[in-house]
Amino acid sequence: MPLLGRAALLVAFGLVLYATIAGAYAALRGRRRLLESARNAFLAAFAAAAVASLVLLAALAGHDFSFAYVADHTSRELPLGYTLAAFWGGQQGSLLLWFLVLTGLVSAALALNPRLTREVLPWTVPIGAGIASFFALLLCFVASPFVTHAPPADGVGLNPSLQNPYMLAHPPLLYLGYVGLTVPFAFAMAALASRRADERWIIATRRWTLAAWTCLGVAILLGSKWAYEEVGWGGWYAWDPVENAALMPWLVATAFLHSVMIQEKKNMLRVWNSVLIALAFGLSIFGTFLTRSGVLNSIHSFTESSIGPWFIGFLALVAAGSAALIIWRLPLLRSRTKLESLVSREAAFLYNNLFLVALALTVLWGVVYPLVSEAIRGVAVTVGAPYYNFFAVAFGLPIIVLMGIGPLVAWRRASLRSLAAQLAWPAGVAVAVGVLLALAGAGSSPAGLVGYTFAAFALTTIVQEFARGTRARKALGASSWPSAFSQLVGRNRRRYGGYVVHAAIVLLLLGAIGIGGFGTTREAKLVPGNSMQVGDYRLELLGTAQRRSANAKEIRARLAVFRNGESVGSLAAGKNRYFAEQQTSNEVAIRSDLLRGEDLFVIADQFNSDGSVYLKVLVNPLVNLIWLAGLVFLLGSLITMWPDAREQRRLAGRFAEAEAPAPA
Amino acid sequence: MEVVALALAAMLALGCVVFVARPFLREPEAVDDRIRVAGMGEQERIRLEEERDRALAALKELEFDHRTGKISDTDYRESVGALRSQVAQALRALDAQGHAPDERTKADEVTVRV
């Protein structure tokens, strides 16, 4: 069946290439049937991509090692779930997933906005198809998942670190996030190409952007959870370039989601929003390039990589094309509305935008600098955590403060007296929390103490917003407090869903500070019967045990755990030796205390022949708030994305236009 | 196996070609093959409705911000007049174009005045 896979990809490539060329010609000349034909070609490309994907999935499930990709990424002993997940475990498969998701999402956007993409923004089809053509080209001629060879008896297997449940969900969500940003990008560029300065592209893509941003955010946290449990160094975010690759577009998309509200409410920042969405999309391509080109191993592996130079070329094309289009349409984008006051909601959004973009660009520089250094000077350098931590604090704390102040400031303008009255409670609570924490000894980490104080400030503003809003709704005639609360959220889902997302960011901050500023680490070599003390915990080594699982030999150190002298259970930390992959992975043991939010985290670093074990044990305070933040973030995003029937009725009326034929 | 794969590939390609050619097969001789676009008048209507909706939304926000204490009485009085005149201007311009406000907009106006 590899022939069917190759043929399906070739058909898909032909279709998206046709959609690009015919679509561009149709949009340029105003040809209706040709544009519909181009649109159909794009939809058909999704079907062809789905056929190619099914062929690969069938080959994976059937252990068809005549496919080089299947032999390189699976083995007979690999459990079925991970065997199927190998679809995105390698370069060719993940490119196919990119292409499948891209054609699927853009097809859905075209199908859900038929009139808009057919008549108002005809350039959406060729722009979306142009992006898809690049991936189809790679899949057909550079990195095909359907290369065949003489089948070996067994496959190489999947990297053991990828054999983790979080890796089943993390890559698809990440790609939904990366690829999802294609939709607002294609619509935004189509609006520019079609000379449309109105809000239609924003309205049509608002939920797509939110969905992509949510997927990216959840994927980042799932990746962190995977790193925390699987990589086993005891932390949750290491500023690794692969992690940063997803963080950068998320930060820029966050800035875009805020600034686009100013465009909707004030008709301002149209140039800035076009730049932001182009930057977010460019960074999603850059992220894929980083993870897939081999450039992170060394600049040499990049130049030897089959897809690296193609990605650089495509990235340059996207950057140049977007910049040219934005510059070309500057007269159309220039706003007639000005910022009325530096003390206003829109000004707060603007400051927050600047910090978010500055943080994204700082992270970008940290990722790019080692590559540039190695390429130009031939010297491999590493940009370590201190660089990122410095800028995360320098830009992150103002973002947290603005996150607290922003909702308290009125749109257009606010007097300093009103603002001071709004700030009284949050500032008072923040100072009280800071003083209490200092008295409790939290001054051991000054940055942590400041962070917690700022977090208390932001969290109080959110609570205050909900409380005052509910009170106002009650005064406006709501029958009960729950009804007032539900009306408050229901009538302005974007605002109050946004506040829930803000609460998630505060929870994330609390967890990150907990683990980063107040964690405890101890290392010791124990023989059976010996114990070690870490914070409130005492761990006693009971012995070691070995067993053989389906695809690995497992060795574990068995530990009895006591807290403040009382037994709280046992843990087993160790290593797995995978047969097919000939690799060893760390299997950490984690005891989570959900009430306190802390984890006891045990790494068995070394097993000695005399029965002793070298252990590294960490107490990670509040780390579980990071994962809780993911759930709250998802809840807030869903509230924000939930359709508003009243708004949809109003928009339907606005855009129910009596179209006139274009001049010939 | 290869024959089956080839047959399936050919069917896929054929199906795609038919689907792509469908607009031309359905209308071999189109009476009007031009993409229908909004005329200048329509674009102006959309612009005015966006302005009207923006001003109405801003008025609602202003009312709510006033109720929740974010805006002082003085600031409220200063802003509300300007926003009401923006709504009125947009409505007058839409009236002049012959576009009556829909029920939703009327309801919004009443809410704002209350």
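None of the values given here were measured: they were computed from a predicted structure.

K.L.:
When you look at the overall build of chain B in this model, what are you seeing that I'm missing?
P.N.:
If you tally the helices and strands in chain B, you get 4 helices and 1 strand. Of the regular secondary structure in chain B, the N- to C-terminal order runs α-β-α-α-α. Out of the 114 residues belonging to chain B, those deemed buried represent 29%. Taking contacts inside chain B between residues at least 6 apart in sequence as the whole, the part at least 24 apart equals 77%.

K.L.:
Could you clarify how one ought to interpret the interface of chain B and chain A in this entry?
P.N.:
Often the size quoted for an interface is simply the accessible area lost on bringing the parts together. The partner chain A presents 53 residues to the 47 residues of chain B that form the contact. Elements supplying a minimum of two residues to the side of chain B that touches chain A: α1 (2-26), β1 (36-37), α2 (40-67) and α3 (73-96) of chain B. At 14 residues, the largest contribution of residues to the side of chain B that touches chain A is made by α1(B). In terms of residue class, the side of chain B that touches chain A is built from 22 nonpolar, 5 polar and 20 charged.

K.L.:
Before we go on, may I ask you to explain the pairing of strand β3 (residues 537-548) of chain A in this structure?
P.N.:
Looking along a regular strand, one sees side chains alternate from face to face of the sheet. All names here are of chain A. Bridge count between strand β2 (residues 531-534) and β3: 4 bridges; the pairing is antiparallel. Residue Met 532 lies in a different strand from β3, and its bridge partner there is Leu 539. Between β2 and β3, which follow one another and run antiparallel, lie 2 residues, and Gly 535 among them has a positive phi close to 60°. In this sheet, strand β4 (residues 552-563) lies alongside β3 in antiparallel orientation, the contact comprising 11 bridges. If you follow Arg 548 over to β4, its bridge partner there is Lys 553. Two successive antiparallel strands, β3 and β4, enclose a turn made up of 3 residues.

K.L.:
What's the story with the environment of A:Leu397 in this structure? I'm lost.
P.N.:
As for its placement among the helices and strands, A:Leu397 is situated in helix α17 (residues 385-405). Residues contacting A:Leu397, with those up to four places away along its chain left out, are A:Val450, A:Gly451 and A:Phe454.

K.L.:
What is the right way to read helix α9 (residues 182-193) of chain A from this model?
P.N.:
An α-helical segment advances 3.6 residues per turn. Residues three or four places apart therefore align on the same side. Residue and element names in this part refer to chain A. The terminal C-alpha atoms of α9, which comprises 12 residues, lie 16 Å apart, in line with the 16 Å expected from a rise of 1.5 Å per residue. Every buried residue belonging to α9 is among Thr 182, Val 183, Pro 184, Phe 185, Ala 186, Phe 187, Ala 188, Met 189, Ala 190, Ala 191, Leu 192 and Ala 193, and all of these are buried. Summarising the contacts, the buried residues of α9 are in contact with α5 (91-112), α7 (124-142), α8 (165-180), α10 (200-231), α12 (270-292) and α14 (308-328). Positioned one or two residues after α9, Arg 195 has a phi angle of 60°, which is positive.

Calculation notes
Residues numbered from 1 in each chain as written. Chains lettered and ligands numbered in written order. Predicted model: local features only at pLDDT ≥ 70, side-chain atom pairs only at ≥ 80, totals over all residues. Helix = DSSP H or I, 4+ residues; strand = E, 2+ residues; numbered from the N terminus. Buried ≥ 20, exposed ≤ 12 C-beta atoms within 10 Å, placed from the backbone. Contact = placed C-beta atoms within 7 Å. Nonpolar A, V, L, I, M, F, W, Y, C, P; charged D, E, K, R; others polar. Pairing = 2+ DSSP bridges. Expected span 1.5 Å × (residues − 1).

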